[in-house]
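Residues per chain are reported as follows:
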Amino acid sequence: MNMRAAHHPASRGITAAPVGARLSAKGIPGNAPETACVIDMEGARLSSVTTGLASAPGIVSSSTLPNRATQALHADAAPRQVPVSTGERPRHVPHASAITDTETHTPAGVPSAATASHLAHRLGRLAVCALHAELACAPKPGLVTPFDAGSHTDMDASTFLRSLFALRGYFVAIAQAGIAQAPFEHLRQLGIAAEAAMARATGGINTHRGAIFSLGLLTAQAARLRAVHGRQPSGEQVCCAVQAWSVALQAAPLDSQSHGQRMRAQYRVAGVREQAAAGYPLLRNVALPSLRAALASGASREAALAQALMQLIAEVDDLNLLHRGGQAGLAHAQQQARAFLAAGGIAQAGWRAQLARIGDGFVVRRLSPGGSADLLACAWFLHAQEAL
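Criteria and thresholds
- Residues numbered from 1 in each chain as written.
- Predicted model: local features only at pLDDT ≥ 70, side-chain atom pairs only at ≥ 80, totals over all residues.
- Heavy atoms only, no water.
- Helix = DSSP H or I, 4+ residues; strand = E, 2+ residues; numbered from the N terminus.
- Buried < 20%, exposed > 50% of the residue type's maximum accessible area, 1.4 Å probe, protein only.
- Areas by Shrake-Rupley, 256 points an atom, 1.4 Å probe, with all protein chains shown as cover.
- pLDDT = per-residue confidence, 0-100.
- Contact = heavy atoms within 4.5 Å.
- Salt bridge = Lys/Arg side-chain N within 4 Å of Asp/Glu carboxyl O.
- Disulfide = S-S within 2.5 Å.
- Expected span 1.5 Å × (residues − 1).
- Bend = angle between axes of the 7 residues up to and from the residue.
- Axes fitted to C-alpha atoms, helices over the stretch in contact; angles between N-to-C directions.
- Parallel < 35°, antiparallel > 145°, perpendicular 65-115°, else oblique.
- Left-handed = near helix turned anticlockwise from the far one by under 90°.
- Nonpolar A, V, L, I, M, F, W, Y, C, P; charged D, E, K, R; others polar.
- Phe/Tyr/Trp six-rings, centres within 6.5 Å; stacked < 30°, edge-to-face > 60°.
- Core = buried A, V, L, I, M, F, W, Y, C linked by side-chain atoms within 4.5 Å.

(A) Expanded view of the overall build of the protein chain. Along the protein chain, the regular secondary structure elements total 14 helices and 3 strands. The buried share among the 388 residues of the protein chain stands at 63%. Taken as a whole, the protein chain presents about 13500 Å² of accessible surface, with 53% of it coming from carbon and sulfur.

(B) Up close: the confidence of the model for the protein chain. Residues at a pLDDT of 70 or more form 68% of the protein chain, whose mean pLDDT is 77. A low-confidence stretch, residues 4-102 (pLDDT under 50), is modelled with 289 contacts involving residues beyond four sequence positions or located in other chains.

(C) Molecular detail of the pattern of salt bridges. A full pass over the atoms with the stated rule returns 6 salt bridges. Notably, a salt bridge pairs Glu236 with Arg292, separated by 2.5 Å at the nearest N-O pair. Separated by 56 residues along the polypeptide, Glu236 in helix α6 (residues 235-241) and Arg292 in helix α10 (residues 281-296) bring together distant segments of the chain. Using a relative accessible area of 24% as the deciding quantity, one classes Glu236 as partly exposed. Each of Glu236, Arg292 and Glu386 takes part in a single network of salt bridges with overlapping partners.

(D) Structural detail: the state of the cysteines. Under the criterion given, the structure shown has 0 disulfides. Of the cysteine sulfurs around Cys239, a residue in no disulfide, the closest is that of Cys240, at 6.7 Å. Taking the relative accessible area as the measure of exposure, Cys239 reaches 0% and is therefore buried.

(E) Region of the structure containing α10. Taking 1.5 Å per residue, 16 residues should reach 22 Å; α10 reaches 22 Å between its end C-alpha atoms and fits that length. At Ala287, α10 is deflected by roughly 35 degrees, the largest bend along its length, and proline Pro289 occurs up to four residues later in sequence. What α10 keeps buried is the set Leu282, Leu283, Arg284, Val286, Ala287, Leu288, Ser290, Leu291 and Ala294. Residues of α10 that are buried in the fold lie against α5 (209-229), α6, α9 (272-277), α11 (301-315) and α14 (370-385). Of the residues one or two after α10, Gly298 is the one with positive phi, at around 100 degrees.

(F) Structural detail: the packing of α11 against helix α13 (residues 351-364). One way to put it is that α11 packs onto α13 with a least axis distance of 12 Å and a crossing angle of 40 degrees. Here α13 runs oblique to α11, going by the angle between their axes. In the crossing of α11 with α13, the sense of the turn from one axis to the other is left-handed. Facing α11, whose interface residues are Glu302, Ala303, Ala306 and Met310, α13 presents Trp351, Arg352, Leu355 and Ile358. Considering only residue class, the contact of α11 with α13 consists of 6 nonpolar, no polar and 2 charged.

(G) Examining the packing of α11 against α14 more closely. Remark: α11 packs on α14, axes separated minimally by 9 Å, with the N-to-C direction vectors making an angle of 135 degrees. Relative to α14, α11 is oriented oblique. Here α11 and α14 pass one another in a crossing that is right-handed. Contact residues: Arg301, Leu305, Ala308, Leu309, Leu312 and Ile313 in α11; Ser372, Ala373, Leu375, Leu376 and Trp380 in α14. Across the contact of α11 with α14, the residue classes break down as 9 nonpolar, 1 polar and 1 charged.

(H) Broad picture of unusual backbone geometry. Here Ala138 and Pro139 are connected by a cis peptide whose omega angle stands at 0 degrees. With respect to the helices and strands, the residue Pro139 is situated in the loop between α2 (118-136) and α3 (157-179). For Arg366, which is not glycine, the phi dihedral falls at a positive 65 degrees. Among the residues examined, Arg366 registers a relative accessible area of 28% and is labelled partly exposed.

(I) How the structure looks around the packing of aromatic side chains. Inspection of the entire model under this criterion finds 2 aromatic pairs. Geometrically, the ring pair formed by Phe184 and Trp245 is tilted, given 6.2 Å between the ring centres and 50 degrees between the ring planes. In this pair, Phe184 is assigned in helix α4 (residues 184-202) and Trp245 in the loop between α6 and α7 (246-251), connecting sequence segments 61 residues apart. Per residue, the accessibility class of Phe184 equals that of Trp245, and both read buried.

(J) Region of the structure containing the nonpolar core. Counting residues in each nonpolar core, the largest one holds 99 residues, and the members touching the most others are Leu217, Leu218, Tyr280, Leu283 and Phe381. Broken down by element, the residue count for this core peaks at 12 residues, all from α3. The contact partners of Leu218, leaving out residues within four places of it in the chain, are Val238, Cys239, Val242, Tyr280, Leu283, Cys378, Phe381 and Leu382.

Listed below in structure tokens is the structure:
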């Protein structure tokens, strides 16, 4: 569903994604340096550090970004940085020339990023960082990472980064709309403009439509709750707050010709609009508990994200999997995820190699669990905003 149809995730997310084929999904070379993409959680700054041998070529660095983008990303001082371990040399990282600085055009009468508060800027940038954290997590079966295009042939990490840059203004603007308690229709108009910005940045490739919807709504409610109560809400509180728009969500028009709507009708499964109207039970009951438990056990962020992703794949009726592989494809993905978890998940020796092996099978079947990936980014945002 898109924002014009009001539930918006006809993205690689909960609905359709393009046909793809495997590029590479192997594990970490034994002699490769450990590279970390560093995300400034408050300034949305992207840079790189390398330990071990030498700096891996092609890593996105703040020094290689276009001037306007660099200035915008480096707006805040005293950044709080969180490393995202990547672990192998990237093969699909963008050159500076591949990154654009497209911004969301805000509809008239809707709060804009240009007039947004400090709180809106912080939460908006945190949303972008959550999307980058999902992209940086590797291995991810069937999904795009900095090293692998997964089951896709028309997108890679550079496509996602172009989209992220284009969406920066959107997440700030929708956070401000939440603070202003703008009506749902204003949020929908922001989403429509964001989808257009994404399309301009990616040449029409759908990278983040599902995130524009779900992460946008969650960002708006996280901002609203902070403004109203003067404190950080829990992730669960943010999810439940989205139910305030349940009537508007259910009344919004749908695009019956979209891949997601066809899958919903054919297989009689709920989509992300129903998840939002119900307060995102998959985030509250599956993703957040898994993420927190993994982090509490001492797992790295990358490992915790991988664990939560596999929990989601095991539970979600992912419309993207149904579109690409039918009922058999969805069943295969869920069985593989459940087997990985039953074997110990990230606690088992060689879990990265196990995920790479699962990824090989996904690519052969053209499977890409984009709906689960969108929810993973949402879960990381919800977790991170609790400490912001």
